[in-house]
Amino acid sequence: MCDAEKKTTQKTPRVATGDRAILPEGAKTIPVYIMGKRYDVPETLTIMKAMEFAGFKFLRGAGCRGGICGACPTVYRMAGDYKLHFGLACQTVVEADMYLAQIPFFPANRASYKIDEIGAAAEAIHALYPELFRCVACNLCTKACPMDVDVLGYISALKQGNIKKAAELSFDCIQCGLCASRCMGEIPQYHIAQLARRVYGRYIQPRAEHLQTRVKEIESGKYDAMLQELSAMGREELEKCYVEREREPDLSTLGTWQPKETQYL
Amino acid sequence: MKISYYPGCTLKTKAGNLETAALASLLALGIEVEEIDRWNCCGAVFSLTADDLIHQVGPVRNLIRAKEQGANKLVTLCSMCYNTLARANLIMKNDPVKRDTINRFMDDEIDYAGEVEVVHLLTFLDQEVGWERIREMVKVPLEGLRIAPYYGCTLQRPADVGIEPFGSFSLMTRLFESLGATVMPFAAADKCCGSYQILNGEDGAQSTAATILKSAAEAGAEALATSCPLCEYNLGKQQGKLLENGLIGTTVPTYYFTQLLAIALGVAPESCRFDLNDGAALDLLKNKNCLVAA
Ligand code: SF4
Ligand code: SF4
Ligand code: FES
């Protein structure tokens, strides 16, 4: 990069990105192609902001804008490159010569079941989604996943009857549907993974015993008197209690701190 | 008379003469020809191509996992897995064109050229452990147990991936001899178990299975050993039905060769999961006093 170029880059003003991005004077723009049509957009924007800048309005296909709801999957190609790329419109920053399309929804069958009745056997999942066995391990799903989930990995785990592994591997899935859009076995991967996580949570994951103990203690009335005491306090006294409360230091090593007052434990 | 007509791509290009002559003849014969609307390639290009490489992607991906781990050998137990992996491996090793196509398709993986050797456990026991060592390690000799070693199809076919030459059953034979059992060779040791025919041609599959079991029984075997879950399903899990239908006269309990190995090495029966075999399998070993006390 020559010096002159460097200067312009450095000078690029920040773009206001509210509901409608505003392009300040001198902002550097790059060409992107949205559904085949060229738009010049500020290079600092995400795909979603760039589309809004170009005049598109998201009535659906946008949710959290924080990369976690899965509403905004995008598929794109770079000019001259045969490869398909995938991303979340709210997270991926535009690059010059991107050819963009949104795939806010991809149809994929979802089986219905009663989680309390299906049990923890992998066979129940196999029976609800027999198409699982159409997988040929092409890995196109994994390549499409904007969350870097090992989709083939969880599909394989389920074929192998390993619900725990499938639940763990699919933990980051945000149900965007891109995997299903690419599957040559026409498998609704993300719905199967969700079922696996539900079965795992309902039947396999160890229960939090300390939580159950605490719930029993609460139910047995152990804390009733303390609660009544608190309820009876006036505002000032309550504030004093709050300010003077014992508190675990922010950076104390896990499991080392004990309060002096132990009657509430 | 009017006929619907499918031309095909070549007749519209290089073999136009095949078509024009036919159409002219049919016209002369007074037959009206109607080319069907919106036709596509007849499928010859798809079905005649030897390139059904997508089937190799799955097995090759597993071999790449092994290569990534730094392995130069990948040991497997199931006959079918062995066969599939070994055949894919051969392609990657010996066929530069297919290798290149597959490597390019799998651009998400490191390149692979058959660096990992696929080994069936029987071969591994022979080459890396040795029968003598196994003989020394036996705690509960399978004395008096008459076993028929059953190979089925996929351990020996095709020849270039077979664990030993067609018609030879020496790996299982030497294994069971080392374990102290009596090996009963039988004529149907390499006959197909009926395979997936059990799903849509149950009668045929059952008579095939019955032939094998009878052959083993006639040879004096009282048990059958296999390394293939599909063979075990057809020959083991189906035996109740075969007996009921009068297709066999006596049961021949089936085992995986690994179960017999484990029992002889003194492994607790629970680790062998006989609950997944037919009930007769555990009973036979009990009767032969082959089980270590739990
Ligand atoms: S696994 Fe599928 S649905 Fe889940 S985030 Fe990845 S591509 Fe989207
Ligand atoms: S895209 Fe479908 S067929 Fe390909 S690996 Fe993923 S689940 Fe299997
Ligand atoms: S809008 Fe929620 S992930 Fe993009």
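Residues numbered from 1 in each chain as written. Chains lettered and ligands numbered in written order. Predicted model: local features only at pLDDT ≥ 70, side-chain atom pairs only at ≥ 80, totals over all residues. Heavy atoms only, no water.

Q: How should I be thinking about the overall build of chain B in this particular structure?
A: Along its length, chain B carries 14 helices and eight strands. Its C-alpha radius of gyration of 26 Å places chain B more than 25% over the 19 Å reference for a compact globule of 294 residues. In terms of overall dimensions, chain B has a C-alpha envelope of 85 × 50 × 30 Å along the principal axes. Burial statistics for chain B: of 294 residues in total, 43% are counted as buried. Contacts in chain B between residues at least 24 apart in sequence constitute 74% of all its contacts with a sequence separation of at least 6. Working note: accessible area of chain B is about 15200 Å², and carbon and sulfur atoms make up 56% of it. Side-chain charges in chain B split into 26 positive and 35 negative, and the spacing between the mean points of these groups amounts to 2 Å. (Helix = DSSP H or I, 4+ residues; strand = E, 2+ residues; numbered from the N terminus. Rg over C-alpha atoms; globule rule 2.2 N^0.38 Å. Buried < 20%, exposed > 50% of the residue type's maximum accessible area, 1.4 Å probe, protein only. Contact = heavy atoms within 4.5 Å. Areas by Shrake-Rupley, 256 points an atom, 1.4 Å probe, with all protein chains shown as cover. Lys, Arg positive; Asp, Glu negative; His and termini not counted. Charge placed at Lys NZ, Arg CZ, Asp CG, Glu CD.)

Q: Explain a nonpolar patch on the surface to me, please; I cannot follow it from the model alone.
A: On the surface, a cluster of nonpolar side chains totalling about 270 Å² of accessible area is made up of A:Leu227, A:Leu230 and A:Leu238. Under the relative-accessibility criterion, A:Leu238 is labelled partly exposed at 38%. (Patch = residues over 30% accessible without salt bridge, like charges linked within 9 Å, V, L, I, M, F, W, Y side chains within 5 Å. Salt bridge = Lys/Arg side-chain N within 4 Å of Asp/Glu carboxyl O.)

Q: What's the story with the interface of chain A and chain B in this structure? I'm lost.
A: How big an interface is tends to be stated in terms of accessible area lost as the parts join. Contact residues are listed per partner, giving nine residues for chain A and eight residues for chain B. Across the chain A/chain B interface, buried area totals approximately 620 Å², and carbon plus sulfur atoms make up 51% of it. The largest contributions to the chain A side of the interface with chain B come from A:Val136, A:Ala137 and A:Lys143, which together make up 47% of the buried area. There are two salt bridges connecting chain A and chain B. The partner of A:Lys83 in a salt bridge is B:Asp107, with the nearest N and O atoms 2.5 Å apart. Linking chain A with chain B are six residue pairs in polar contact (both at pLDDT 80 or more), by the criterion used here. (Buried area = accessible area lost by both parts, 1.4 Å probe. Polar contact = N/O pair within 3.5 Å; in protein donor to acceptor, adjacent residues only side chain to side chain.)

Q: I keep staring at the site of ligand 1 and nothing clicks. Help me out?
A: All names here are of chain A. Neighbouring ligand 1 are 13 residues; Cys-145, Cys-173, Cys-176, Gly-177 and Cys-179 lie closest to it. Within the residue set of the shell around ligand 1, elements represented by two or more residues are helix H6 (151-159) and helix H8 (178-182). Taken together, the residues of the shell around ligand 1 break down into 11 nonpolar, two polar and no charged. (Near = heavy atom within 4 Å. Nonpolar A, V, L, I, M, F, W, Y, C, P; charged D, E, K, R; others polar.)

Q: Explain the domain arrangement of chain A to me, please; I cannot follow it from the model alone.
A: Residues and elements named next belong to chain A. Partitioning chain A into structural domains gives domain 1 (12-102) and domain 2 (115-204). Domain 1 and domain 2 are separated by 30 Å when their C-alpha centres are compared. Contacts between the two partners involve 10 residues from domain 1, matched on the other side by nine residues from domain 2. Both sides together, the interface formed by domain 1 and domain 2 hides about 720 Å², and carbon and sulfur atoms give 75% of it. Considering only the side of domain 1, the residues that lose the most area to domain 2 are Pro-73, Phe-86 and Leu-88, jointly responsible for 55% of the buried surface there. On inspection of domain 1 and its partner domain 2, the count reaches zero salt bridges. Taken together, the connections running from domain 1 to domain 2 amount to zero residue pairs in polar contact (both at pLDDT 80 or more). (Domains from an automatic or database assignment.)

Q: Explain the sheet that holds strand E6 (residues 182-183) of chain B here, please?
A: Sheet strands line up and pair through hydrogen bonds in the backbone, either parallel or antiparallel. All names here are of chain B. Strand order in this open sheet of four strands is E6-E5-E7-E8, and the pairing throughout is parallel. Looking at strand neighbours, the two that pair on one side only are E6 and strand E8 (254-256), the edges of this open sheet. In this structure, strand E5 (residues 146-149) lies alongside strand E7 (residues 223-226), joined through three bridges in parallel fashion. Residue pairing across strands places Pro-149 opposite Ala-225, the latter belonging to E7. In the packing of helix H8 (residues 170-178) onto the sheet, the strands contacted are E5, E6 and E7, and the crossing angle to E5 comes to about 160°. (Pairing = 2+ DSSP bridges. Axes fitted to C-alpha atoms, helices over the stretch in contact; angles between N-to-C directions.)

Q: Please explain the domain arrangement of chain B as it appears in this structure.
A: Residue and element names in this part refer to chain B. In terms of domains, chain B is made up of domain 1 (2-121) and domain 2 (137-287). In this structure, domain 1 and domain 2 have C-alpha centres spaced 35 Å apart. With 11 residues of domain 1 at the interface, the matching set in domain 2 holds 15 residues. Contact between domain 1 and domain 2 buries roughly 1100 Å² in total, counting both sides, with carbon and sulfur atoms accounting for 72%. On the domain 1 side of the interface with domain 2, the three residues burying the most area are Ser-79, Met-80 and Asn-83, jointly 41% of the side's total. Seen at the junction of domain 1 and domain 2, the total is zero salt bridges. Looking at the side of domain 1 that touches domain 2 element by element, the count peaks at seven residues for helix H4 (residues 79-94). Its residues placed into classes, the side of domain 1 that touches domain 2 shows seven nonpolar, three polar and one charged.

Q: Looking at this structure, I do not really get the sheet that holds strand E4 (residues 37-42) of chain A. What am I missing?
A: All names here are of chain A. A sheet is described by the order of its strands in space; here five strands give the open sequence E4-E3-E7-E5-E6, paired in mixed fashion. In the strand order of this sheet, the two ends are held by E4 and strand E6 (85-88), each with one partner. Here the average twist between neighbouring strands, direction ignored, is 35°. By the bridge criterion, three bridges tie strand E3 (residues 29-34) to strand E7 (residues 98-102) in an arrangement that is parallel. Residue Ile-34 lies in a different strand from E7, and its bridge partner there is Leu-100.

Q: Sorry, what's going on with the pairing of E4(A) here?
A: Side chains on a regular strand alternate between the two faces of the sheet. Residues and elements named next belong to chain A. Note that E3 and E4 share six bridges and pair antiparallel. Pairing of Pro-31 across the sheet is with Asp-40, part of E4. What sits between E3 and E4 in their antiparallel hairpin is a turn of two residues, with Met-35 showing a positive phi close to 50°.

Q: Please clarify how unusual backbone geometry should be interpreted in this entry.
A: Most peptide bonds take the trans form, and the phi angle of most residues other than glycine is negative. In this model, B:Arg157 is joined to B:Pro158 through a cis peptide bond whose omega is -10°. Relative to the helices and strands, B:Pro158 resides in the loop between E5 and H8. The backbone of A:Asn139 shows a phi angle near 75°, a positive value even though the residue is not glycine. For A:Asn139, the position within the fold is in the loop between helix H4 (122-128) and helix H5 (140-144). A relative accessible area of 8% places A:Asn139 in the buried class. Phi is positive for A:Gln175, which is not a glycine, with a value near 60°.

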